Every structure is written in C-alpha cells, then in structure tokens.
Amino acid sequence: MAEAITLTMDQEMALMSMESKAKQITALDIFNELTSKGLSNEVITALKEISLKTAKDIMGRTIEIGKIILIKILDFIKANPGLAIGAAIGAAIGALSFFIPFIGAFIGPLGTALGATIGGAMGNKIQNTQAGKLNSGGLTGEIENAMDIAKKFFNLLKEIFLAIFKPEALQ
C-alpha cells in the first residue's frame, strides 16, 4: 500500500508533470533500456520491484516515485556514458578479486570499490577528452577529474531528493 503524503499546489503540479513524463515511458521501455546497458534480469527485476514499491498516494492518485527516480538515474547514465561504463567495468574487475583463494573474501570488497572508483574516473576522463574538455595534466588534472565526477554525482543526488521532497524545484 502506498503511503499518503500532503503537498502544496506547486509541488503537486510539478510532481504531476514528472509523473506525466514517467507515464509516457512504459515498463517495457525501461526493461529494454536496462537490458541494453547489460544488466542481468535479476537486477532489472529488483529495480522494477523497488520502483513499484515506492509509490505515494497524492490526492487520490498513486505517483510512482521509484519510477521517476529510476528515470533520473537512466538520464544520468545517458548523459555520462563514460563514467557509468567505466564504473561498471571497474566494479566487475574488482569483483573478480573475490575469487582469489584464501584472501578473496578480505580484498574483494576493497577491490570492487577501488575498481568502480578508478574505472569511473578513467571513463569520465575519456568522456571529457572526447568532448574536448581537456584538463590540466598530472595531479591537478586528476583532481579536476575527481571534482567533475563528484559534481555530476551530487547533481544526480540533488535531482533525486528534489523529485521526492521538493518536485516544484525541478521545473
């Protein structure tokens, strides 16, 4: 059962606008998008369940907040393909460290986290280079790259939180 919440008129209008956009995208569209990104059926099913279980009742209508958040994440991946692909490849390579006999259980989590971080950084750097956004070389360039990644990530978080708590700010 969806949890009932109360919003101001501006919040309701903004949320209805986002819901209208979300309704234009079917579950099949989301499934195809996630499948094209290489996610397994188990992950897609889990994301689908999360999106369905995070509905909110607003003025007698059920708004699929989870679906809106999932769409925001997909938009982020589309806008930052290098970052997303690099992080996924890095995490996959890091996850392989779990298979190292005797020490895999200890270094696996660290390997996965480092792999995702380094892979995301490299993917973001390649993406920026291809877009013509060259940064300074050396340590300064790496710091600029890390700041760019952090900025993109926190903008994604901001959009998600605004979609949930203050949807009129997204208009």
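Residue indices follow the written sequence of each chain, beginning from 1 at its first position. pLDDT decides what is reported in this predicted model: residues at 70 or higher carry local features, side-chain atom pairs at 80 or more are listed and counted, and totals for whole chains, interfaces and linings draw on all residues regardless. With hydrogens and water set aside, each side-chain value is computed from the structure's full complement of heavy atoms.

> I tried to follow the overall build of the chain on my own but got confused; where do I start?
Of regular secondary structure, the chain possesses seven helices and three strands. Numbering goes from the N terminus for both helices and strands, where a helix is a DSSP run of H or I of at least four residues and a strand is a run of E of at least two. Listing the helices and strands of the chain from first to last along the sequence gives β-α-α-α-β-β-α-α-α-α. The contact criterion used is simple: two residues touch if any of their non-hydrogen atoms lie within 4.5 Å. Partitioning the intrachain contacts of the chain with sequence separation of at least 6 by distance along the chain shows that 66% fall at a separation of at least 24. Areas reported as accessible are Shrake-Rupley estimates using a 1.4 Å probe. Residue values count occlusion only from the protein chains shown. Carbon and sulfur atoms form 69% of the exposed surface of the chain, whose accessible area is close to 10,800 Å².

> Would you mind going over the pattern of salt bridges with me for this structure?
Pairing of side chains with opposite charge becomes possible as their charged atoms draw close. In what follows, salt bridge is the name for a side-chain nitrogen of Lys or Arg lying within 4 Å of a carboxyl oxygen of Asp or Glu. The tally for this structure, following the rule as stated, stands at one salt bridge. With its nearest N and O atoms 3.3 Å apart, the salt bridge here joins K152 to D148. Of the two residues, K152 and D148 both sit in helix α7 (residues 138–165), four residues apart, roughly one turn of that helix. Overall, the relative accessible area of 14% leaves K152 in the buried class. Note on classification: 1.4 Å probe, protein chains only; a residue is buried when its accessible area is under 20% of the maximum for its type, exposed when over 50%, partly exposed between these limits.

> So what exactly am I meant to see when it comes to the packing of helix α1 (residues 9–24) against helix α4 (residues 65–79) here?
For any two helices packed against each other, one specifies the crossing angle of their axes together with the interaxial distance. Packing of α1 against α4 brings their axes to within 10 Å, and their N-to-C directions diverge by 70 degrees. Put simply, α1 runs roughly perpendicular to α4. Contact with α1, carried on its side by L15, M18, E19, A22 and K23, involves I65, K67, I68 and I71 of α4 and no other residues of that element. Residue type decides the class: Asp, Glu, Lys and Arg count as charged, Ala, Val, Leu, Ile, Met, Phe, Trp, Tyr, Cys and Pro as nonpolar, and the leftover types, Gly among them, as polar. Looking at the contact of α1 with α4, its residues break down into six nonpolar, no polar and three charged. All axes here are fitted lines through C-alpha atoms, helices being fitted over the stretch that makes contact, and every angle between N-to-C directions spans 0 to 180 degrees. For classification purposes, angles smaller than 35 degrees are called roughly parallel, those larger than 145 roughly antiparallel, those between 65 and 115 roughly perpendicular, and all remaining angles oblique.

> Can you walk me through unusual backbone geometry in this structure?
Leave glycine aside and you will find that most residues have negative phi; peptide bonds, for their part, are mostly trans. Phi angles above zero are rare outside glycine, and F102 is one such case at about 75 degrees. With respect to the helices and strands, F102 occurs in the loop between α5 (81–95) and α6 (104–130). Overall, F102 belongs to the exposed group, its relative accessible area being 81%.

> Would you take a moment to explain the environment of K152 for this structure?
Along the backbone, K152 and F76 are 76 residues apart, and their C-alpha atoms lie at a distance of 8.4 Å. Setting aside its immediate chain neighbours within four residues, K152 contacts F76, N80, L83, N124, Q127 and N128.

> Just to check I follow, could you spell out the environment of G104 for this structure?
Among the structural elements, G104 can be located in helix α6. Take G104: its relative accessible area is 1%, and that puts it in the buried class.

> I'm lost on the nonpolar core in this one. Help?
Here is a general trend for soluble globular proteins: nonpolar side chains tend to be buried in one another's company. In terms of nonpolar packing, the biggest core is built from 15 residues, with L15, I63, I65 and I68 touching the most fellow members. Secondary-structure elements contributing two or more residues to this core are α1, α4 and α7. Residue contributions to this core peak at five residues, all from α4. Listed in part, the five residues of the second largest apolar core include I30, L34, I44 and L74. Only buried Ala, Val, Leu, Ile, Met, Phe, Trp, Tyr and Cys residues count toward a nonpolar core, and they belong to the same one when joined by side-chain atoms within 4.5 Å.

> How should the packing of α4 against α5 be read in this particular structure?
Where α4 contacts α5, the two axes come as close as 5 Å, and the packing angle between them is 100 degrees. Viewed along their axes, α4 and α5 adopt a mutual orientation that is roughly perpendicular. Every residue of α5 that contacts α4 at F76, I77, K78 and A79 is listed here: P81, L83 and A84. Classifying every residue of the contact of α4 with α5 by side-chain character gives six nonpolar, no polar and one charged.

> Would you explain the confidence of the model for the chain in this entry?
Close inspection of predicted coordinates is inappropriate in any region flagged by low pLDDT. Confidence of the predictor at the level of single residues is given by pLDDT, which spans 0 to 100. When pLDDT is averaged along the chain, the result is 75, and 83% of the positions lie at 70 or above. Mean pLDDT across the secondary structure elements of the chain bottoms out at strand β1 (residues 3–4), with 52, and peaks at α6, with 81.

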